[in-house]
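Architecture at a glance
What follows is each chain in one-letter form.
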Amino acid sequence: MSILDLPPPFPLYPAIENMSEQRPINDISRILREFNGYLTLQRGLSAHTAQAYRDDVDKLISYLLDERVPLRDVGYETLENFVAVLFDLGIAPASRKRVICGIRSFFHFLKTENYIETDPSVLIETPRLGQHLPSVLTVDEVDALINEIDPQFPMADRNRAIMETLYGCGLRVSELINLEISNLSADEGYIIVNGKGNRQRMVPVSPVAIACIKAYMAGSRGNVPVAPGNENYIFLNRRGKKMTRQMVFIIIRQLAELAGIRKKISPHTMRHSFATHLLEGGANLRAIQSMLGHENISTPEIYIHIDRSRLRSEILARRPRHIR
């Protein structure tokens, strides 16, 4: 008997021989490695583009793990919810469009390789980049805003602390003006924020923002006669009263005009920009939700999945380097 008469120990062409059988979809690591090969070898994408698609798929996989949805059970509704979370967090349309493109490529690969029977991503709509949506600043534009703060202005240290905290913590303007001294744990790098519905959350504060707050507390705030009832608020106006929403709007718009930024921006623009920059930096979607106070979107068990130390390390690692 020659070697040609012996049965092979494994199928010579498993992909062709098993074309009628659905492949197991439980080994995510192996599937992601195959997907990477598909992007570079079959689609001929550059290493940079392939990595961007992998990062987008990693965001979805993390989301599925947090939601406890197996990959084999993902349908249109799951993907729609995932995209809705991106929208609710204020992620820039261009960033959402790129994420959706990565997700579509992944599910096309799964169907082509016989991991799934139908592609649930085909009905997902991409955002229209021309439609009226909140502006999002680039990291350089955020820098430009902060750099326009005149150090000779009597309340310059306050305004710098406001900008670093508003952007670096992704706060709503109402949350910013209601920040209290007693809720700041500078040594641990956290502040307790009172959000919508009077829900409290712990938000990690970057070392840069903490340094700015300390400088303000030791500087111009200490020179302001505090009005009764306002002693615990961090940010005060010149009369010693809590800052108003309108005043924060004015500060940001004046800085934008000085920086030559023509976009229509507001304090909420800083929040949208922060979320977008975190996502672009590869932050876990659940961490962004927690940071911005969106934990009620899908589950109240968020802090089971992300504890304080993990949230802080995740957020600080994904922020632009100069605001860590």
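Note: the structure precedes this text.
Residues numbered from 1 in each chain as written. Predicted model: local features only at pLDDT ≥ 70, side-chain atom pairs only at ≥ 80, totals over all residues. Heavy atoms only, no water.

1. So, helix 10 (residues 245-259)
Over its 15 residues, helix 10 runs 21 Å from end to end, which matches the ideal 21 Å to within 8%, given 1.5 Å per residue. Within helix 10, the full set of buried residues consists of Val248, Ile251, Ile252, Leu255 and Ala256. The arc that holds the buried residues of helix 10, viewed along the axis, is 130°, so those residues lie on one side. Seen from the buried face of helix 10, the exposed residues on the opposite side, beyond 90 degrees, are Gln246, Glu257 and Leu258. Residues of helix 10 that are buried make contact with helix 6 (139-147), helix 7 (156-168), helix 8 (173-177) and helix 11 (267-280). One or two steps after helix 10, the chain reaches Gly260, where phi turns positive at roughly 75°. (Helix = DSSP H or I, 4+ residues; strand = E, 2+ residues; numbered from the N terminus. Expected span 1.5 Å × (residues − 1). Buried < 20%, exposed > 50% of the residue type's maximum accessible area, 1.4 Å probe, protein only. Arc of directions from axis to C-beta. Contact = heavy atoms within 4.5 Å.)

2. Concerning the nonpolar core
Among the nonpolar cores identified, the biggest contains 80 residues, and Phe82, Phe106, Phe107, Leu110, Leu145, Phe235 and Met270 are the most heavily contacted of them. Here Phe82 is in contact with Lys59, Leu60, Tyr63, Val99, Ile103 and Leu285, once residues within four sequence places are set aside. (Core = buried A, V, L, I, M, F, W, Y, C linked by side-chain atoms within 4.5 Å.)

3. Here we look at the pairing of strand 3 (residues 200-204)
The pairing of strand 2 (residues 190-194) with strand 3 spans 5 bridges and is antiparallel. From the neighbouring strand, Ile191 faces strand 3, where its bridge partner is Val203. The hairpin formed by strand 2 and strand 3 contains 5 residues between the paired strands, and Gly197 there has a positive phi angle of roughly 65°. (Pairing = 2+ DSSP bridges.)

4. Section: the environment of Arg96
In this fold, Arg96 is placed in helix 5 (residues 93-112). Separated by 40 residues in sequence, Arg96 and Asp56 have C-alpha atoms that sit 9.7 Å apart. Side-chain polar atoms of Arg96 contact the backbone oxygen of Ile91, separated by 3.0 Å. (Polar contact = N/O pair within 3.5 Å; in protein donor to acceptor, adjacent residues only side chain to side chain.)

5. A word on the pairing of strand 2
Bridge count between strand 1 (residues 184-185) and strand 2: 2 bridges; the pairing is antiparallel. When the bridges of strand 2 are listed, Leu184 appears paired with Ile191. Here strand 1 folds back onto strand 2, and the loop between the two strands holds 4 residues, one of which, Gly189, carries a positive phi near 75°.

6. A short note on the pattern of salt bridges
Considering all chains together, one arrives at 11 salt bridges under this definition. Note that Arg23 is salt-bridged to Glu34, the shortest N-O span being 3.4 Å. Taken together, the residues span a long stretch of sequence, with Arg23 in the loop between helix 1 (14-17) and helix 2 (28-42) and Glu34 in helix 2 at a distance of 11 residues. Given a relative accessible area of 26%, Arg23 falls into the partly exposed group. On the basis of relative accessibility, which here comes to 26%, the residue Glu34 falls in the partly exposed class. For Asp56, the salt bridge is made with Arg98, and the minimal N-O distance between the two is 2.4 Å. Of this pair, Asp56 sits in helix 3 (residues 47-67) while Arg98 sits in helix 5, and the two are 42 residues apart along the sequence. Judged by its relative accessible area of 0%, Asp56 falls in the buried class. One salt-bridge network, in which partners are shared between bridges, spans Arg23, Asp27, Arg30, Glu34 and Glu113. (Salt bridge = Lys/Arg side-chain N within 4 Å of Asp/Glu carboxyl O.)

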